[in-house]
Amino acid sequence: MADLLVERLKGFESALKDLRRDIRAERVPAIAKVGLRTRAEGLGSEWFSEVCPALASRLPEELIEKYSAQFRRLVRLSAPNNKRTSYLEVLGELTLRFRSELTIPIQTALHAPESVNQLEALLAKVADPTESAYLAEAVACAKGGLFRATTVLGWCAAIDQIHRAIERTGFDVFNAVSQKMAAQTQGRYKKFTKAQSVSSMSDLRTVFDSDVLWILEGMNLIDINQHTRLQSCFELRNQCAHPGAAPITEYNLLSFFSDLDLIVFRSTTLAP
């Protein structure tokens, strides 16, 4: 199977070349068309939110920064009425050696990063077939450098197992504990106000994950430290599911999945 990251780079380079071709076809000194400017801004944003983080641990930092500088310029140019020649200059710089400097080094790498191999070995220990299906996709994404997708899929697997543990314990217990927590005016749960009344898995899946973690602690299915670590995992998942420039590396993934493995997947209170 072709490396997912290589395919992504090929598609990204093609989009840059298409934009360069369309701007070259314009016979005006400045680019005012909204469609062209939106494409330029979108490609710049995609570099910083998706492509650059996937390359950060695989290619030299100075090479990544060279391309980042040009993509910053491309984003700035996407404002109205910037020179056509400036667009062509930037896009020419970006596409000139894109394949030789970015795509081919990834394509010809002999092995996945050792930490990704460690991640695959860690996830292979998960026995439940439902979680394993999610995590098999997570490993495939990790091998392709799609670390944000890996994180989102990992959290899906974890929160699904948590939901099933609550279902086994009983929705009535979940509701009663949440209502007792919401009634407290002092102590650890004094700021908790999210009393629940769920009667099915569908109801439970509408409850915000952070609230589920609080109630899970109230049910004594996790302790305070486990709650804190899982909240950090959930926050990393949120960073990956929404636009942002913070990079996600394979080392972030190892920490994330190590916590999920020990606190959720192999838990004596949460495992099937």
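In what follows, the structure referred to is the one given above.
To keep things clear, this report deals only with the structure shown in the data block. Because the structure is predicted, anything quoted here is derived from the model rather than measured.

The helix and strand inventory of the protein stands at 13 helices and two strands. Here the C-alpha atoms of the protein give a radius of gyration of 23 Å, more than 25% beyond the 19 Å that 2.2 N^0.38 yields for 272 residues. Dimensions of the protein along its principal axes, counting C-alpha atoms only, are 70 × 40 × 30 Å. Contacts in the protein between residues at least 24 apart in sequence constitute 71% of all its contacts with a sequence separation of at least 6. As displayed, the protein offers around 13,700 Å² of accessible surface, 53% of which is attributable to carbon and sulfur atoms.

The subject of this paragraph is empty space enclosed by the protein. According to the stated counting rule, one finds one cavity of 30 Å³ or more in the structure shown. When its volume is computed, the largest cavity comes out at roughly 60 Å³. If you go around the largest cavity, the residues you meet are R8, S49, E50, P53, A54, G145, L146, F147, R148 and I248. Mapped by element, the contributors of at least two residues to the lining of the largest cavity are α2 (34–55) and α8 (147–169). Considering every element that reaches the lining of the largest cavity, the biggest residue donor is α2, with four residues.

Evaluation of the coordinates by the stated rule reveals 16 salt bridges. In this structure, D22 engages R21 in a salt bridge whose closest nitrogen and oxygen atoms are separated by 3.1 Å. Overall, D22 belongs to the partly exposed group, its relative accessible area being 22%. Between D211 and K194 there is a salt bridge; the shortest N-O distance is 3.4 Å. A residue pair is termed long-range when its members are at least 10 positions apart, and D211 in helix α11 (residues 209–218) and K194 in the loop between α9 (171–183) and α10 (201–204) qualify at 17 residues. Judged by relative accessible area, D211 falls into the buried class, the value being 11%. Within this structure, D18, R21, D22 and R39 form a network of salt bridges that share partners.

Here we take up the side chain of H227. Here H227 shows up in helix α12 (residues 224–241). Those residues within four positions of H227 in sequence are excluded, and the remaining contacts are R188, L213, W214, E217 and I222.

Turning our eyes to something else, we now look at the packing of aromatic side chains. Following the criterion strictly, the structure yields ten aromatic pairs and no others. When the centroid spacing of 6.5 Å and the interplanar angle of 25° are considered together, the rings of F12 and W47 count as stacked. Of the two residues, F12 sits in helix α1 (residues 4–24) while W47 sits in helix α2, which places them 35 residues apart along the sequence. Like W47, F12 is buried. You can call W47 buried: its relative accessible area is 0%.

When two helices pack together, their arrangement is given by the angle between the helix axes and by the axis-to-axis distance. Running from amino to carboxyl end, α8 crosses α11 at an angle of 45°, the nearest separation of the two axes being 12 Å. With respect to each other, α8 and α11 are oriented oblique. The two elements α8 and α11 meet at a crossing, and its hand is left-handed. Residues W155, I159, I162, H163 and I166 of α8 touch α11, and the partners they reach there are D209, V212, L213 and L216. Of the residues that constitute the contact of α8 with α11, the class distribution is seven nonpolar, one polar and one charged.

Helix length check: α12 (18 residues) gives 26 Å between terminal C-alpha atoms against 26 Å at 1.5 Å per residue, within 8%. Among the residues of α12, H227, L230, Q231, C233, F234, L236 and C240 are the ones counted as buried. Residues of α12 that are buried make contact with α8, α11 and α13 (250–265). Two or three places before N225, at the start of α12, stands the capping residue D223, its side-chain oxygen 3.1 Å from that residue's backbone nitrogen.

So, how was this worked out
- Residues numbered from 1 in each chain as written.
- Predicted model: local features only at pLDDT ≥ 70, side-chain atom pairs only at ≥ 80, totals over all residues.
- Heavy atoms only, no water.
- Helix = DSSP H or I, 4+ residues; strand = E, 2+ residues; numbered from the N terminus.
- Rg over C-alpha atoms; globule rule 2.2 N^0.38 Å.
- Contact = heavy atoms within 4.5 Å.
- Areas by Shrake-Rupley, 256 points an atom, 1.4 Å probe, with all protein chains shown as cover.
- 1 Å grid on protein atoms, 1.4 Å probe; cavity = no way out; pocket = protein on both sides within 12 Å on 5 of 7 lines; lining within 4 Å.
- Points joined across faces, edges and corners; volume = space filled by probe spheres on them.
- Salt bridge = Lys/Arg side-chain N within 4 Å of Asp/Glu carboxyl O.
- Buried < 20%, exposed > 50% of the residue type's maximum accessible area, 1.4 Å probe, protein only.
- Phe/Tyr/Trp six-rings, centres within 6.5 Å; stacked < 30°, edge-to-face > 60°.
- Axes fitted to C-alpha atoms, helices over the stretch in contact; angles between N-to-C directions.
- Parallel < 35°, antiparallel > 145°, perpendicular 65-115°, else oblique.
- Left-handed = near helix turned anticlockwise from the far one by under 90°.
- Nonpolar A, V, L, I, M, F, W, Y, C, P; charged D, E, K, R; others polar.
- Expected span 1.5 Å × (residues − 1).
- Polar contact = N/O pair within 3.5 Å; in protein donor to acceptor, adjacent residues only side chain to side chain.

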